[in-house]
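A look at the structure
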Amino acid sequence: VETLLRTIIGQQVSVAAARSMWTKMTDRFGVPVDLDAVLAADDAELRAAGLSRQKAGYTRSLAGLVRAGELDLAQLPEDDEAAIAELTKIKGIGRW
């Protein structure tokens, strides 16, 4: 989950900006990031953690899928295409 969160946060920003955003995120939501707290956070809290509205939505998508049991990262299919299909359920994650 952490790797995907960092990927979402780091999209289309400089390395320095991504590092700053990640630090704010972990300062606010812990290490590892508390997905329940992310889901409970309002837009202002996620904004204070450095996330844009779009990145907040992507972060909530990932947290929600993991918490609902719809995405089990430890059990991704071995087949590349099947794994990609699972990962692209997450808003903000796609083929690059």
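Residues numbered from 1 in each chain as written. Predicted model: local features only at pLDDT ≥ 70, side-chain atom pairs only at ≥ 80, totals over all residues. Heavy atoms only, no water.

**So, helix α1 (residues 2–10)**
At 3.6 residues per turn, the α-helix brings residues three or four places apart onto the same side. Looking at α1, one finds that the buried residues are Leu4, Leu5, Ile8 and Ile9. Viewed along the axis of α1, the buried residues span an arc of 135°, placing them on a single side of the element. Of the surrounding secondary structure, the elements contacted by the buried residues of α1 are α2 (15–29), α3 (35–40), α5 (53–67) and α6 (80–87). The first or second residue beyond α1 is glutamine 12, which carries a positive phi of 60°. (Buried < 20%, exposed > 50% of the residue type's maximum accessible area, 1.4 Å probe, protein only. Helix = DSSP H or I, 4+ residues; strand = E, 2+ residues; numbered from the N terminus. Arc of directions from axis to C-beta. Contact = heavy atoms within 4.5 Å.)

**Some thoughts on the environment of alanine 74**
For alanine 74, the position within the fold is in the loop between α5 and α6. When its relative accessible area of 66% is taken as the criterion, alanine 74 is described as exposed. Sequence-wise, alanine 74 and valine 38 are 36 residues apart; in three dimensions their C-alpha atoms are separated by 21 Å.

**Let's talk about the pattern of salt bridges**
Taken as a whole and assessed by the stated rule, the structure comprises three salt bridges. The closest approach of N and O atoms between aspartate 43 and arginine 60, which form a salt bridge, is 2.9 Å. Taken together, the residues aspartate 43 in helix α4 (residues 43–48) and arginine 60 in helix α5 connect sequence positions 17 residues apart. Linking lysine 89 and glutamate 86 is a salt bridge whose minimum nitrogen-to-oxygen distance equals 3.2 Å. Exposure remark for lysine 89: the relative accessible area of 44% places this residue in the partly exposed category. Glutamate 86 gets classed as partly exposed once you look at its relative accessible area, which sits at 23%. (Salt bridge = Lys/Arg side-chain N within 4 Å of Asp/Glu carboxyl O.)

**Topic: the nonpolar core**
Counting 24 residues, the largest nonpolar core has Met25, Phe29, Val33, Leu62 and Ile90 as its most contacted members. Looking at this core, the elements with two or more residues in it are α1, α2, α3 and α5. Top contributing element to this core by residue count: α5, with six residues. (Core = buried A, V, L, I, M, F, W, Y, C linked by side-chain atoms within 4.5 Å.)

**Considerations on the confidence of the model for the protein**
A residue-level look at the protein finds 99% of positions with pLDDT of 70 or above and a mean pLDDT of 91. Ranking the helices and strands of the protein by mean pLDDT puts α3 first, with 96, and α6 last, with 90. (pLDDT = per-residue confidence, 0-100.)

**Remarks on α5**
Over its 15 residues, α5 runs 21 Å from end to end, which matches the ideal 21 Å to within 8%, given 1.5 Å per residue. Within α5, the full set of buried residues consists of Lys55, Ala56, Tyr58, Thr59, Ser61, Leu62, Ala63, Leu65 and Val66. Glycine 69, located one to two residues past α5, shows a positive phi value of around 80°. (Expected span 1.5 Å × (residues − 1).)

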